[in-house]
Amino acid sequence: MLTVGRACLFIAVAIALYGIGASVYGARARRPEWVASGRRAVYALALVLTVAIGILEAAFLRSDFTFDVVAAHSSTTTPAFYKATALWSSQEGSLLLWVWLLALWSSLMLALTRRKLREIAPYATAVLCGFAAVFGLMLVVLANPFTAANPVPAEGVGLNPLLRHPSMMIHPPMLYSGYTLWAIPFAFAIGALIARKLDADWIRHTRRFALAAWFFLGIGILLGARWSYSELGWGGYWGWDAVENASLMPWLVGTAFLHSMMIQERRGMLKVWNVSLILATGVLAVLGTFLVRSGILESIHAFGASTLGTPFLVLIGVMIAGSVYLVVTRRAGLRSEHRLDSLFSREAVFLLQNVVLVALTFVVFWGTFFPLISEAITGTKSSLGPPWFSQYTVPLVLIVVLLSGVGPLIAWRRATLANLRRNFRWPVLTGIVTLVVLLVFTDAGRKPLALTMFVFGAFVLASVAQELWRGMRARRATSGESPPVALISVVRRNRRRYGGYIVHAGITVLFIGVAASSAFQSARDVRLVPGQSATVDGYRITYVKPTTDLGGEKILLGSVLNVRKDGKQVAVLRPARGYYPSQDAGNLGIIGRFFDGEATSEVGMTSNLRRDVWTAVQPDLGSLQSFIDKADKQFPNASPDLQGLLVTAIATRYRNHPPPATFRIIVSPMVTWIWIGGLIVIGGALIAMWPAPETARRRVTAGYAA
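An account of the accompanying structure is given in this report. Everything numeric in this text was worked out from a predicted model, so none of it was measured.

Scoring rules and cut-offs
- Residues numbered from 1 in each chain as written.
- Predicted model: local features only at pLDDT ≥ 70, side-chain atom pairs only at ≥ 80, totals over all residues.
- Heavy atoms only, no water.
- Helix = DSSP H or I, 4+ residues; strand = E, 2+ residues; numbered from the N terminus.
- Rg over C-alpha atoms; globule rule 2.2 N^0.38 Å.
- Buried < 20%, exposed > 50% of the residue type's maximum accessible area, 1.4 Å probe, protein only.
- Areas by Shrake-Rupley, 256 points an atom, 1.4 Å probe, with all protein chains shown as cover.
- Lys, Arg positive; Asp, Glu negative; His and termini not counted.
- Charge placed at Lys NZ, Arg CZ, Asp CG, Glu CD.
- Pairing = 2+ DSSP bridges.
- Expected span 1.5 Å × (residues − 1).
- Bend = angle between axes of the 7 residues up to and from the residue.
- Core = buried A, V, L, I, M, F, W, Y, C linked by side-chain atoms within 4.5 Å.
- Arc of directions from axis to C-beta.
- Axes fitted to C-alpha atoms, helices over the stretch in contact; angles between N-to-C directions.
- Patch = residues over 30% accessible without salt bridge, like charges linked within 9 Å, V, L, I, M, F, W, Y side chains within 5 Å.
- Salt bridge = Lys/Arg side-chain N within 4 Å of Asp/Glu carboxyl O.
- Phe/Tyr/Trp six-rings, centres within 6.5 Å; stacked < 30°, edge-to-face > 60°.
- Lys NZ or Arg CZ within 6 Å of the ring centre and 35° of its normal.
- Contact = heavy atoms within 4.5 Å.
- Left-handed = near helix turned anticlockwise from the far one by under 90°.
- Nonpolar A, V, L, I, M, F, W, Y, C, P; charged D, E, K, R; others polar.

Details of the overall build of the chain
Looking only at helices and strands, the chain has 22 helices and 10 strands in total. Taken over C-alpha atoms, the radius of gyration comes to 28 Å for the chain, in line with the 27 Å a tight globule of 706 residues would show. Along the three orthogonal principal directions, the C-alpha set of the chain runs to about 85 × 70 × 60 Å. In the chain, which comprises 706 residues, the share counted as buried stands at 54%. Counting every atom, the chain has about 30800 Å² of accessible surface; 63% of that belongs to carbon and sulfur. In the chain, the 66 positive side-chain charges and the 36 negative ones have mean positions that sit 14 Å from each other.

Considering the pairing of strand β10 (residues 661-669)
Of all nine residues in β10, seven are buried; the element is thus mostly enclosed. The pairing of strand β1 (residues 522-528) with β10 spans seven bridges and is antiparallel. Within β10, the residue paired with Ser522 across the bridge is Val667. As defined by bridge partners, strand β9 (residues 611-619) adjoins β10 across nine bridges and the pair is classed as antiparallel.

A few points about helix α8 (residues 201-231)
Here α8 contains 31 residues, and its C-alpha end-to-end distance of 45 Å stays within 8% of the 45 Å for a straight helix at 1.5 Å per residue. The axis of α8 is deflected most strongly, by about 50°, at Arg207. Across the 31 residues of α8, 23 count as buried, placing the element largely inside the fold. Trailing α8 by a residue or two, Gly233 shows a phi angle of about 85°, which is positive.

Observations concerning the nonpolar core
Membership of the largest hydrophobic core comes to 166 residues, with the highest contact counts inside it found for Phe67, Leu96, Phe131, Phe146, Phe188, Trp202 and Leu279. Residue contributions to this core peak at 18 residues, all from helix α7 (residues 166-195).

Describing the environment of Gly379
Its location among the elements puts Gly379 in the loop between α12 (346-378) and α13 (386-406). Residue classification places Gly379 among the exposed positions, given a relative accessible area of 57%. Separated by 135 residues in the primary sequence, Gly379 and Glu244 place their C-alpha atoms 26 Å from one another.

A short note on helix α20 (residues 640-656)
Along an α-helix, a turn takes 3.6 residues, which lines up residues three or four apart on a common side. With 17 residues, α20 ought to run about 24 Å at 1.5 Å a step, and its terminal C-alpha atoms sit 24 Å apart, in line with that. Buried residues of α20: Gln643, Leu646, Val647, Ile650, Ala651 and Tyr654, and no others. The buried residues of α20 occupy an angular sector of 135° when the element is viewed end-on, so they sit on one face. The exposed residues of α20 that point more than 90 degrees off its buried face are Asp641 and Leu645.

Let's talk about the sheet that holds β9
Strands belonging to one sheet form pairs held by backbone hydrogen bonds; the direction of such a pair is parallel or antiparallel. Strand order in the open sheet formed by four strands is β1-β10-β9-β8, with antiparallel pairing between adjacent strands. Pairing within the sheet leaves two strands with one partner each, and these edge strands are β1 and β8 (604-607). Going from strand to strand, the sheet's axes swing by 10° on average, the running direction of each strand aside.

Details of a positive patch on the surface
On the surface, a cluster of positive charge is contributed by Arg114, Arg115, Lys116 and Arg118. Taking relative accessible area as the criterion, Lys116 reaches 41% and is therefore assigned partly exposed.

Description of the packing of aromatic side chains
Between two aromatic rings, the relevant description is the distance of the centres plus the angle of the planes. Under the criterion given, the structure shown has 26 aromatic pairs. Taking the centre distance of 3.9 Å and the plane angle of 5° together, the rings of Trp98 and Phe135 count as stacked. Highlighted residues: Trp98 in helix α5 (residues 91-112) and Phe135 in helix α6 (residues 121-141), separated in sequence by 37 residues. Assessed through its relative accessible area of 1%, Trp98 is described here as buried. Phe135 gets classed as buried once you look at its relative accessible area, which sits at 0%. An aromatic cluster is defined as three or more aromatic residues linked by ring pairs; in this entry it consists of Trp238, Trp240, Trp388, Phe389 and Tyr392. The cationic tip of Arg593 hangs over the ring face of Phe594; the distance from NZ or CZ to the ring centre is 4.4 Å.

A closer look at unusual backbone geometry
With omega at 0°, the peptide bond leading from Asn150 into Pro151 counts as cis. If you trace the backbone, Pro151 turns up in the loop between α6 and α7. Not every positive phi belongs to a glycine, and Leu117 is a case in point at roughly 45°. Within the secondary structure, Leu117 sits in the loop between α5 and α6. The phi angle at Asp566 is positive, at roughly 55°, despite the residue not being glycine. Inspection of the secondary structure puts Asp566 in the loop between β4 (555-565) and β5 (568-573). For Asp566, a relative accessible area of 70% gives the class exposed.

Quick notes on the side chain of Glu57
Mapping Glu57 onto the fold places it in helix α2 (residues 32-61). Look at Glu57: it is buried, it has no salt bridge, and the nearest opposite charge is Arg62 at 9.9 Å. Setting aside anything within four residues of it in sequence, one finds Glu57 in contact with Lys83, Ala84 and Leu87.

What about the environment of Ile590?
Assignment of secondary structure puts Ile590 in the loop between α18 (585-588) and β7 (599-602). Not counting residues up to four positions away in its chain, the partners in contact with Ile590 are Ala585, Asp632, Phe635, Pro636, Ala638 and Gln643.

What to know about the packing of α2 against α5
Interhelical geometry of α2 versus α5 gives an angle of 145° and a closest axis separation of 9 Å. Along this stretch, α2 crosses α5, giving a crossing that reads as left-handed. Here Arg39, Val42, Tyr43, Leu45, Ala46, Leu49, Thr50, Ala52, Ile53 and Leu56 of α2 lie close against α5, whose contacting residues are Gly93, Leu96, Leu97, Val99, Trp100, Ala103, Leu104, Ser106, Ser107, Leu110 and Ala111. Of the residues in the contact of α2 with α5, the class split is 16 nonpolar, four polar and one charged.

Examining the pattern of salt bridges
Close approach of charged atoms allows side chains of opposite charge to pair. By the definition in use, this model includes 12 salt bridges. Linking Asp64 and Arg62 is a salt bridge whose minimum nitrogen-to-oxygen distance equals 3.0 Å. On the accessibility criterion, Asp64 (15% relative accessible area) is buried. With a shortest N-O distance of 3.1 Å, Glu481 and Arg475 are connected by a salt bridge.

This is the structure we're talking about:
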């Protein structure tokens, strides 16, 4: 199967190169049969890559260690779910997943537009095939997943312990889906520029793919935050890590594009801005892929140093140079059909929001690449931490949140004073009431930025509620339906508009959770022995007893914590530290390898709508080291059964004679609202993407009549 897999990669590269040539020749020579052949090449590419990824997936599931990538990233003891998802934990497998998803999304888009965008589609096909050819060549030459293991090991290394979390194994396909989906509107924007078809037609046909890209990338970011919060043991959900930032940047610029493309569709404005935004988003999506694989910046998410940096830099350079050239040479055809009528209009608000989003992206970009910038200028690599990012991003995020509430309320073209008074009265009043209540009844006044977020959030939620209420009332007036039915009907009839409003509400709820949990968090690191207690933000946490668990692939050394507040029982938490055995028995010892390998935190946490109590434990293994060293010395060739007995004896001693353990205890208010806000965003995005039944019926009828 290794030979078949390698053959699939070579065939895929050949198909991609043929697709480029056939599409460009067909467009230039006006030969539709060659254009169709180029499109079918993409279908064939998807089929061949499906075979390749199927072979590799089957190898992981059956633990076929003749595949070097399987031996390096899986084992016979790895649970089936993680075997199935270990494919994209490797450099080689993740690249194959990337190009496979690109081929699938490209096939879907080209199938949907096979009778549309006739002058644009061939060039877009060539661009998509170009991406596939570059990634395919990297797979063939630099990171081939079908390399044979020599010698074939009896057991694999196993999956990285930090990745053994359900959300983390779903997180990469979501990110890759977002990255590859952004390639679709990028390619069609390039096609539109080459063909000089610069109206909004390409935007209308790629809109749903842009929404899907934004949707999947957002889910990937949210899952990554959840993984960080529950698996890494530091208690946070966002650390401004380089790879985290790499996924955030295209999402931010893509958000700006989704807003401004409405202005071009509606009024023929911002053509240069829109095409620049989508081209920048495509470049940033490839840049995100590059950061994970190049090892150029340190990150817990990155694969480390590799040979893929140069090809990615060349690809990114070509994308930037080609994009700039096309925009500059087509600037005459990108002139706006109308001008901005008033600063008090929805167009102006969208434009201002876009500028803020781009500024936010620039701040993230500068902070992410500052280590390389500082090294190039001063010779010393310096990094910028979370305080620097917060200093600049928090004010910009506050502006974005405020504008997300203003946009739905203000009229297109020009707002009148009566319109402003009618639309803003209740949302502004809600914000003022929220401010007064928080200042009088809480201590939110000591955190002015968080207080501002709460007030702006109340304004946005009130504006969204007002728009939903008005739509429901208008529907009831014409149909006589009950309020719930009328609300559902009005959302169904204008899914894009009301789905967007719901997304705004979800983003606002998410940022309220971020503001509350970061501004009012209480944290302590304490060293306790069984029976001792620590108090954090009114919660009394008592270390009851240690625990051990030798089942599965790891040794768990944990604890039982009793959480009380105001004399009442709140929860019993069981944080633990999981130790995965290393294969390096020669240096670590036959027993020491069980405690000196990779380790992960098993967080103990209780959550509700008001606050989370989060705990992690770091056992002190110093008191066990003498017993571990003695076992290594006396039993250097211990059988697996004897190893199990010795490890059990050491774990029993830890449980019966527990040393002090270090606990990290965090009490964070409203963290749950971050995840609730994310779910609201997902729901709103699904509503916005889903085609309306009436529209679908009109399209079918029109097609049938034609």
